[in-house]
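Breakdown of the fold
These are the residues of each chain, in order.
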Amino acid sequence: MNQGYWYAIVAYTAWGLLPIYWKIFSKISAWEILSQRIIWSVVFVVLLVLASKKWDSIKKAVPNWNSRIRIIISSLLIASNWTIYIWAVNNGHMIEASLGYYINPLVSVLLGVFFLGERLKSLQWGAMGVALVGVLILTINYGQFPWIALSLAITFGLYGLAKKKIKAEPLAGLTLETIVVFPLALLYLLIFQHGGKAWFVLSWWQMIALLLAGIATALPLLWFAEAAKRLPLSIMGFFQYLAPTITLLLGLFLYQESFSEIDLISFGCIWIAIVIYSSQMIQKKTPQQRLNHSKAKASI
């Protein structure tokens, strides 16, 4: 089996199981968990950079101010996404969080249409409509805007869009993104949290687990990058639904979160939209598309 399949399976499985890890720290705030996560991520990725001797790749990733601004934007977006996700998991909204990552690929498609000039077929626009119906059903049922799901989908979608504009190796990009928000994380812990409550309310083994947050953050991202290098985008598209499916099952069966018939209908709309859109992506290329692809390869 292509090694990329294993990287994809391990990466998305790790992301799907991460709620169990974040639940360990439910006694402290999402902001403190995020701050600790950023600080220890910086420590871990810097050690990786030192071990792999890739300081040059970091310098090459930010050759001008445009690239630096893009790094800052992507860093703030992923930090926002992490905060919302951790808060949702530790406040009983794991199922809605999983919905956000089901919606995310569809949000990414729309961003590609509006910002990258990508085009959709009529059936794919239909898939977007079905997904919108699912979100509207959920909104009406909740009686409020499903901000957790949509915030997760939008922040991660915008993060993906920002990453498209950044020309950097995976490890270099991750290092820079964590370094950008490192001062904010340290400032929050030292000034607003007075060193953090974790040291006073967590047991010794929970504290050790918190110190490993950098590894829990960086490794799945690096595995994902390795998978993306080896697999076509269409295959990666299928694997990306593994993480929210695992999170959904955890919310249902391990943490006993409520899941009504309306929730099932709403999720059903999202799943149907995914099937419709994915079926269009994996259709065989037409002779003209194959000819264009051959010309593109010949020109490289």
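Computed from a predicted structure; not experimentally measured.

Conventions and cut-offs
- Within any chain, residue numbers begin from 1 and follow the written order of that chain's sequence.
- Under the rules for a predicted model, residues below a pLDDT of 70 receive no local features and side-chain atom pairs below 80 are neither given nor counted, while totals for whole chains, interfaces and linings still include all residues.
- Side-chain figures throughout are based on the complete set of non-hydrogen atoms in the structure, without hydrogens or water.
- In this text, helices come from DSSP runs of H or I with a minimum length of four residues, and strands from runs of E with a minimum of two, each type numbered from the N-terminal end.
- Here the radius of gyration uses the C-alpha set of atoms, whereas the globule reference equals 2.2 Å times the residue count to the power 0.38.
- A 1.4 Å probe rolled over the protein chains alone gives each residue an accessible area, and that area as a share of the maximum for its type sets the label: buried under 20%, exposed over 50%, partly exposed in between.
- Every residue pair with non-hydrogen atoms within 4.5 Å of one another is taken to be in contact.
- Note on areas: Shrake-Rupley with a 1.4 Å probe; residue coverage comes only from the protein chains shown.
- Salt bridges, as used here, are contacts in which a Lys or Arg side-chain nitrogen is within 4 Å of a carboxyl oxygen on Asp or Glu.
- We call two N or O atoms a polar contact when they sit within 3.5 Å, provided that within protein one can donate a hydrogen and the other can accept it, with sequence-adjacent residues counted only if both atoms are side-chain atoms.
- Given the number of residues in a helix, its expected span is that number minus one, multiplied by 1.5 Å.
- Note on bend: the value at a residue is the angle between axes fitted to the seven residues ending there and to the seven starting there.
- Pairing of aromatic rings covers Phe, Tyr and Trp, the last counted by its six-membered ring, and requires centre-to-centre distances within 6.5 Å; plane angles under 30 degrees mean stacked, over 60 mean edge-to-face, and any other angle means tilted.
- Put simply, a patch holds well-exposed residues, over 30% relative accessible area, that have no salt bridge, with like charges counted together within 9 Å and Val, Leu, Ile, Met, Phe, Trp or Tyr side chains within 5 Å.
- In this description, a nonpolar core means a group of buried Ala, Val, Leu, Ile, Met, Phe, Trp, Tyr and Cys residues linked to one another through side-chain atoms lying within 4.5 Å.
- To define axes, lines are fitted to C-alpha atoms, for helices over the stretch in contact only, and angles between the resulting N-to-C directions are given on a 0 to 180 degree scale.
- In what follows, roughly perpendicular refers to angles from 65 to 115 degrees, roughly parallel to angles under 35, roughly antiparallel to angles over 145, and oblique to any angle outside these ranges.
- The hand of a helix crossing depends on one turn: near helix anticlockwise from the far one by less than a right angle means left-handed, and clockwise means right-handed.
- Per residue, pLDDT captures the predictor's confidence, and it can take any value from 0 to 100.

Time to look at the overall build of the chain. Helix and strand counts for the chain stand at 15 helices and 0 strands. Relative to the globule expectation of 19 Å for 300 residues, the C-alpha radius of gyration of the chain, 20 Å, shows essentially globular dimensions. Each principal axis of the C-alpha atoms in the chain carries an extent, and together these give about 65 × 55 × 40 Å. Burial analysis of the chain (300 residues in total) assigns 46% to the buried set. Considering only residue pairs separated by 6 or more positions, the chain has 86% of its internal contacts joining residues 24 or more positions apart. Accessible surface, the chain as shown: approximately 16,000 Å² in total, 69% of it carbon and sulfur.

With that out of the way, let us pick up the environment of Leu150. If you trace the backbone, Leu150 turns up in helix 7 (residues 147-164). As for Leu150 and Ala97, which are separated by 53 residues in sequence, their C-alpha atoms are 8.9 Å apart. The residues touching Leu150, leaving out its near neighbours within four places in the chain, are Ile103, Val135 and Phe145.

Okay, the pattern of salt bridges next. Two side chains that carry opposite charge are able to pair once their charged atoms sit near each other. What the rule picks out here adds up to 1 salt bridge. Close ionic contact of Arg230 with Glu226 constitutes a salt bridge, the shortest N to O distance being 2.6 Å. Taken together, the residues Arg230 and Glu226, both in helix 11 (residues 213-230) and 4 residues apart, mark about one turn of the helix. The partly exposed category is assigned to Glu226, whose relative accessible area is 24%.

Relative to the helices and strands, Thr178 resides in helix 8 (residues 170-192). Judged by relative accessible area, which is 2%, Thr178 ranks as buried. A polar side-chain atom of Thr178 sits 3.0 Å from the main-chain carbonyl oxygen of Leu174. In this structure Thr178 touches Ile38, Ser41, Val42 and Val45, once residues within four positions along its chain are discounted.

Looking now at helix 1 (residues 3-23). Its 21 residues give helix 1 an end-to-end C-alpha distance of 31 Å, which sits within 8% of 30 Å, the value for a rise of 1.5 Å per residue. Remark: the principal bend of helix 1, roughly 40°, maps to Leu17, with a proline, Pro19, within the next four residues.

Right, let's talk about the packing of aromatic side chains for a bit. Counting across every chain of the model gives 15 aromatic pairs. When the ring of Tyr12 is compared with that of Trp15, the centres are 5.5 Å apart and the planes differ by 65°; the resulting orientation is edge-to-face. Taken together, the residues span about one helical turn, with Tyr12 and Trp15 both in helix 1 at a distance of 3 residues. Members of the aromatic cluster, connected to one another through ring pairs, are Tyr102, Tyr241, Phe259, Phe267 and Trp271.

Judged by side-chain polarity, Leu186, Leu187, Leu190, Ile191 and Phe192 come together as a nonpolar surface patch covering roughly 490 Å² of accessible area. Secondary-structure assignment places Ile191 in helix 8.

Counting 26 residues, the largest nonpolar core has Tyr21, Trp22 and Phe25 as the members making the most contacts within it. When contributions to this core are tallied by element, the ones reaching two or more residues are helix 1, helix 2 (30-52), helix 4 (65-90), helix 5 (94-116), helix 7, helix 10 (204-211), helix 11 and helix 13 (242-254). Considering each element in turn, this core owes the most residues, 5 residues, to helix 4. When neighbours within four sequence positions are excluded, Phe25 is seen to be in contact with Ile33, Asn90, Leu202, Gln206, Ala209 and Leu210.

Positive phi is not limited to glycine here, since Gln256 has a value of about 55°. Within the element layout of this structure, Gln256 appears in the loop between helix 13 and helix 14 (261-281). Looking at Gln256, the relative accessible area reads 59%, which means it is exposed.

The next subject is the environment of Val113. Here Val113 shows up in helix 5. On the accessibility criterion, Val113 (17% relative accessible area) is buried. Separated by 10 residues in the primary sequence, Val113 and Leu123 have C-alpha atoms spaced 15 Å apart. Residues contacting Val113, with those up to four places away along its chain left out, are Glu118, Leu120 and Trp125.

This next bit is on the packing of helix 5 against helix 7. How two helices sit against one another is set out by the angle between their axes and by the gap between those axes. Relative to each other, helix 5 and helix 7 sit at 45°, their axes nearing to 7 Å. Compared by their axis directions, helix 5 and helix 7 come out oblique. Between helix 5 and helix 7 the crossing geometry is right-handed. The segment helix 5 lies against helix 7, with Glu96, Ala97, Leu99, Gly100, Tyr101, Ile103, Asn104, Val107, Ser108, Leu111, Phe115 and Leu116 engaging Trp147, Ile148, Ala149, Leu150, Leu152, Ala153, Ile154, Phe156, Gly157, Leu158, Leu161 and Lys164.

Bringing the confidence of the model for the chain into the picture now. For the chain, the average pLDDT comes to 83, and 90% of its residues sit at 70 or higher. Confidence scores differ between elements of the chain, with helix 15 (residues 287-299) showing the lowest mean pLDDT of 43 and helix 10 the highest of 93. Counting contacts from residues 284-300, a segment whose pLDDT is below 50, to residues more than four positions away or on other chains yields 3 contacts.

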